[in-house]
Amino acid sequence: MSLAQFVDLSELVDPTGSSVLGAIQPISHVIKKEENETYIESDCDDQIIVTIRFQSTVKVNSILIQSPDDDKAPKKIKIFANQENKTFDDLNSLAPIHEFDLSPSLLSSPISLKFVKFQAVNSFTLYVVSNQGNEVTRINRIILYGQPKEAMKINDLKKVEGPQFQPWDEPRGVSVNSEKK
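Cut-offs applied
Residues numbered from 1 in each chain as written. Predicted model: local features only at pLDDT ≥ 70, side-chain atom pairs only at ≥ 80, totals over all residues. Heavy atoms only, no water. Helix = DSSP H or I, 4+ residues; strand = E, 2+ residues; numbered from the N terminus. Buried < 20%, exposed > 50% of the residue type's maximum accessible area, 1.4 Å probe, protein only. Contact = heavy atoms within 4.5 Å. Areas by Shrake-Rupley, 256 points an atom, 1.4 Å probe, with all protein chains shown as cover. Salt bridge = Lys/Arg side-chain N within 4 Å of Asp/Glu carboxyl O.

**Student:** Any chance you could explain the overall build of the chain here in plain terms?
**Tutor:** Secondary structure summary: the chain contains 1 helix and 10 strands in total. The N-to-C order of helical and strand elements in the chain reads β-β-β-β-β-α-β-β-β-β-β. Split into buried and exposed, the 181 residues of the chain put 39% on the buried side. Here the analysis covers contacts within the chain between residues at least 6 apart in sequence; of these, 78% occur between residues at least 24 apart. In the form shown here, the chain has an accessible surface area of approximately 11,100 Å², with 49% of it arising from carbon and sulfur atoms.

Printed below as a string of structure tokens:
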């Protein structure tokens, strides 16, 4: 599957169901359609949890994390799918679906994820475990790339030819009125 088949999933984000833990600023400062001067910054240490909830189920292919190219940039990242309302202790005790170290050279470049592990995502949690060496972590923007998980459209259903079974019909080979002897 080529990268051209994936789109920015920002349009599918549910802002009321998305959240950030461990930062002073609201989630809307990093989940945004256009780049601007807003950001989130950790409040008391370098850890941040960003949970992005979607309006419908999606498939996630890659992530782009925009951050300053300095020691405030995230470094150790753990990613979870469909793990909402988790605390730092919760996420420390769970095995992530994907984890990586973000080097300064990878900032503002899409990072491929294990696509087969992110096929039915309702929420996406990014856990910044540590940064490049500062006391606080700063993230300017997070962009998830993927595609909506296609729902079945009723108009796409096609009539199947063959004998029609009605729920009130007796199953073949079985008589409902048979007596036990």
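**Student:** I tried to follow the pattern of salt bridges on my own but got confused; where do I start?
**Tutor:** Where charged atoms of side chains with opposite charge meet at close range, the side chains can pair. A full pass over the atoms with the stated rule returns 3 salt bridges. Note that Glu-41 and Lys-72 form a salt bridge whose closest N and O atoms lie 3.4 Å from each other. Taken together, the residues Glu-41 in strand β3 (residues 40-41) and Lys-72 in the loop between β4 (48-66) and β5 (74-81) connect sequence positions 31 residues apart. A relative accessible area of 22% means that Lys-72 is categorised as partly exposed. The closest approach of N and O atoms between Glu-84 and Arg-53, which form a salt bridge, is 2.5 Å. Of this pair, Glu-84 sits in the loop between β5 and α1 (88-93) while Arg-53 sits in strand β4, placing them 31 residues apart in sequence.

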